[in-house]
Amino acid sequence: MLQYAGRLVLQIGFLFIIYQSAVWLVQLTALPIPANVAGMVILMLLLFSGLLPEAYVQLGASAMLRYLGLLFVPFCVAAVLGPAANGLVSLDQLIILAVTTVAGIAAGGLVFQYLERGSQK
């Protein structure tokens, strides 16, 4: 159990280092893309090039993906409360927010299930 926890912490830490490298790169070069997107591109390049074996990040990435849905909650709360402070929330906005949130989570889940099935072959 302790060995598992240690590997998990190290792998999440490594993913965090990749993200922080992307933040630094975006700030240094003034790239017009968010640092999280740059971090995903860096990670993808490292994985596809073979410089980073998948086993070095698989456990940490799987653990983070398992709880990805929880990250949508603060975004939704902010989206609902932001306009509410100005009294501008309408039923249409709430419906759009609910539908797009569910669609985004469902689409992400379907894509990851498809990719997971493909990697098991």
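One can find the structure itself at the top, above this paragraph.
Along each chain, numbering runs from 1 in the same order as the chain's sequence is written. Predicted model: local features are reported for residues with pLDDT of at least 70 only, side-chain atom pairs are reported and counted for 80 or more only, and whole-chain, interface and lining totals are derived from all residues. Side-chain measures here rest on the full set of heavy atoms in the structure, leaving out hydrogens and waters.

(A) Geometry of unusual backbone geometry. One non-glycine residue, Ala30, lies in the positive phi region at around 55°. Put simply, DSSP marks the helices as runs of H or I at least four residues long and the strands as runs of E at least two long, and each gets a number from the N terminus on. By the element assignment, Ala30 lies in the loop between helix H1 (2-29) and helix H2 (35-49). Only protein chains enter the accessibility calculation, which uses a 1.4 Å probe. A residue is then buried if its area is under 20% of the maximum for its type, exposed if over 50%, and partly exposed in between. Given the relative accessible area of 61%, Ala30 is considered exposed.

(B) Structural detail: the packing of H1 against H2. For the pair H1 and H2, the least separation of the axes is 8 Å and the interaxial angle reads 120°. Here H1 is positioned oblique relative to H2, judged by the angle of their axes. Remark: the crossing between H1 and H2 carries right-handed chirality. Together, Leu15, Ile18, Tyr19, Ala22, Val23, Leu25 and Val26 of H1 and Ala35, Asn36, Ala38, Gly39, Ile42, Leu43 and Leu46 of H2 make up the contact between the two elements. Three categories are distinguished: nonpolar for Ala, Val, Leu, Ile, Met, Phe, Trp, Tyr, Cys and Pro, charged for Asp, Glu, Lys and Arg, and polar for the others, with Gly belonging to the last. Along the lines of polarity and charge, the residues of the contact of H1 with H2 split into 12 nonpolar, 2 polar and no charged. To obtain an axis, a line is fitted to C-alpha atoms, over the contacting stretch when the element is a helix, and the angle between two such axes runs from 0 to 180 degrees between their N-to-C directions. In these notes the angle categories are as follows: under 35 degrees is roughly parallel, over 145 is roughly antiparallel, 65 to 115 is roughly perpendicular, and the rest is oblique. Here a crossing is taken to be left-handed if its near helix is turned anticlockwise relative to the far helix by less than a right angle, and right-handed if that turn runs clockwise. In what follows, a contact means two residues having at least one pair of non-hydrogen atoms within 4.5 Å.

(C) Representation of H2. Given a helix with a known number of residues, its expected span is that number minus one, times 1.5 Å. The end-to-end C-alpha distance of H2 is 21 Å, a good match for the 21 Å that 15 residues give at a rise of 1.5 Å each. By the burial criterion, the buried members of H2 are Ala35, Ala38, Gly39 and Leu43. Buried residues along H2 cover an arc of 135° about the axis, so they all sit on one side. Along H2, the residues that are exposed and aim more than 90 degrees away from the buried face are Met40, Leu45 and Phe48. Contacts made by the buried residues of H2 are with H1. Immediately downstream of H2, the backbone of Gly50 shows phi near 90°, a positive value. Note that the arc is defined by the directions from the helix axis to the C-beta atoms.

(D) Expanded view of the packing of H1 against helix H3 (residues 58-66). Taken N-terminus to C-terminus, the directions of H1 and H3 make an angle of 85°; their axes are 7 Å apart at the nearest point. By the angle between their directions, the pair H1 and H3 is classed as roughly perpendicular. Between H1 and H3, the contacting residues are Tyr4, Arg7, Leu8, Gln11, Ile12 and Leu15 on the first element and Gln58, Leu59, Gly60, Ala61, Ala63 and Met64 on the second. Looking at the contact of H1 with H3 residue by residue, the classes come out as 8 nonpolar, 3 polar and 1 charged.

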